[in-house]
Amino acid sequence: DLPSAYGCPTADYLYVGVVTDQAGNPIKGIKVKLNGYRSDGKGGSIEMPTYETDSNGSYSTEIFKGLTYQMQSITYTDIDGADNGGEFESQTITPKDMTKTQTKEKDGWFVGEFELSANIKLKKQ
């Protein structure tokens, strides 16, 4: 008799990107809000984190491990007004709009680690 085993495939995700204006100039201080939900491991959910672009317009999230979260979209919002190049319109994308690259290979139930990247061009208001 063989024991029964149940498992669920898992994958890790990292979201990265660069935010620029229409001319290609990097925009510092853009709020990058991950929209979705994350499990607290006890059946509840917690708010997804928010990030901010650096002086190169770049952002990088923490690595989200396993199946404890569900990403629905990412919203880019100008939070500093006219500072850092002007006032920009918000933009929202979904993970389907991002380029997905596998950065760690599959191993058993672990499907691998993936980096999702997007280069966003915001329009001035």
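Rules used in this analysis
- Residues numbered from 1 in each chain as written.
- Predicted model: local features only at pLDDT ≥ 70, side-chain atom pairs only at ≥ 80, totals over all residues.
- Heavy atoms only, no water.
- Core = buried A, V, L, I, M, F, W, Y, C linked by side-chain atoms within 4.5 Å.
- Buried < 20%, exposed > 50% of the residue type's maximum accessible area, 1.4 Å probe, protein only.
- Helix = DSSP H or I, 4+ residues; strand = E, 2+ residues; numbered from the N terminus.
- Contact = heavy atoms within 4.5 Å.
- Pairing = 2+ DSSP bridges.
- Axes fitted to C-alpha atoms, helices over the stretch in contact; angles between N-to-C directions.

*Asks:* Where do I start with the nonpolar core in this structure?
*Replies:* Most often, soluble globular proteins have nonpolar side chains that are buried together. Among the nonpolar cores identified, the biggest contains 22 residues, and Val19, Ile74, Tyr76, Met98 and Leu122 are the most heavily contacted of them. No other element matches the five residues that strand 9 (residues 110-122) contributes to this core. For Met98, the contacting residues outside a window of four places in its chain are Tyr15, Val16, Tyr59, Ile74, Ile93, Leu116, Ser117 and Ala118.

*Asks:* Quick question: what am I supposed to make of the sheet that holds strand 9 here?
*Replies:* The strands that make up a sheet are held in pairs by hydrogen bonds between backbone atoms, and each pair lies either parallel or antiparallel. Overall, mixed pairing links the four strands, which are arranged 5-1-9-8 in an open sheet. Among the strands making up the open sheet, the edge pair consists of strand 5 (58-60) and strand 8 (99-104). Mean inter-strand twist for the sheet, computed between neighbouring axes without regard to direction, equals 20°. By the bridge criterion, five bridges tie strand 8 to strand 9 in an arrangement that is antiparallel. In the strand pairing of strand 9, Lys100 is matched with Leu116.

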